[in-house]
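A look at the structure
Read off the chains here:
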Amino acid sequence: AVGRHEFPVHANAMILSSASAPSAYSTAGVTNVGMIQGILFGSTGLQYAEFELPMPKSLATAGTITYRARWTATAGTSAQTCLWQLSAVGVGDGDTLDAAQGTAVDTTDLLLPGTLIEHVGPESAAVTISSFSAEDTVRFRVNRKITGNTLLTGSILRMVEVFLTIAKRNDT
């Protein structure tokens, strides 16, 4: 359909970077009703997770998207901040898969009171997809930005929501 669309990518669908890797996180809820899963990013040292999405030919925003992080933390003090970054690069037929990422775009969210509370971060400014062409597979890289973070404990990324606008109903 024409218009704005959301593509949620759960942390379980992401690949942990082989260099500077965060760690998988899983714990039972307090009442043991369900599992809480995500990727645990430390408070020091840059760590990355990656995922890919194929883009439609009719992407209306000339190679840009926005995103929002859904996350939680196991500790911290209210009003501490957690900063996330996302960068992207397009790779198409015949392109190298080891292409350089574009410029990372930040979002900042405040820690809410409580332990393992769902945080829905703000939507980012536009993320420009480096080397983008129609029908590319876009390789995304997410990280917790260390500079400016006041949350001094690990944060758990649960999901990244990617937003894009499609210009045509039929993508042929």
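It is worth spelling out the packing of aromatic side chains at this point. Within the structure shown, the criterion is met by three aromatic pairs. Their ring planes at 85° and their centres at 5.3 Å tell us that Phe41 and Trp84 sit as a pair that is edge-to-face. You can see Phe41 sitting in strand β4 (residues 35-41) and its partner Trp84 sitting in strand β7 (residues 81-91), a full 43 residues away along the chain. Like Phe41, the residue Trp84 is buried in the burial classification. One aromatic cluster is present, built from ring pairs that chain together Phe41, Trp71 and Trp84. Across the ring face of Tyr48, the terminal group of Arg141 is positioned such that the distance to the ring centre comes to 4.4 Å.

Glancing now at the side chain of Ser17. Looking at where Ser17 falls in the secondary structure, it is placed in the loop between β2 (15-16) and β3 (23-28). Note on Ser17: relative accessible area 14%, which makes it buried. Those residues in contact with Ser17, other than ones at most four positions away along the chain, are Tyr48, Ala49 and Glu50.

Before going further, it helps to spend a moment on the environment of Ser20. Tracing the backbone shows Ser20 in the loop between β2 and β3. Residue Ser20 is classed as partly exposed on the basis of its relative accessible area, which comes to 41%. Along the backbone, Ser20 and Trp84 are 64 residues apart, and their C-alpha atoms lie at a distance of 16 Å. If we ignore the near neighbours within four places in the chain, the residues touching Ser20 are Leu46, Gln47 and Tyr48.

Definitions and cut-offs
- Think of each chain on its own: its residues are numbered from 1, step by step along the sequence as written.
- The predicted origin of the model limits local features to residues at a pLDDT of at least 70 and limits the giving and counting of side-chain atom pairs to 80 or more, whereas totals for whole chains, interfaces and linings rest on all residues.
- Computation of side-chain values covers all heavy atoms of the structure but excludes hydrogens and water.
- Pairing of aromatic side chains requires ring centres within 6.5 Å, counting the rings of Phe and Tyr and the six-membered ring of Trp. Pairs whose planes differ by under 30 degrees are stacked, by over 60 edge-to-face, and all others tilted.
- Helix and strand labels come from DSSP, where a helix needs a run of H or I of at least four residues and a strand needs a run of E of at least two; each type is numbered from the N terminus.
- Each residue gets one of three labels from its accessible area relative to the maximum for its type: buried under 20%, exposed over 50%, partly exposed in between, using a 1.4 Å probe on protein chains only.
- Think of it as a cone above the ring: NZ of Lys or CZ of Arg counts as a charge over the ring if it is within 6 Å of the ring centre and within 35 degrees of the ring normal.
- Contacts are assigned to residue pairs with any non-hydrogen atoms lying within 4.5 Å of each other.

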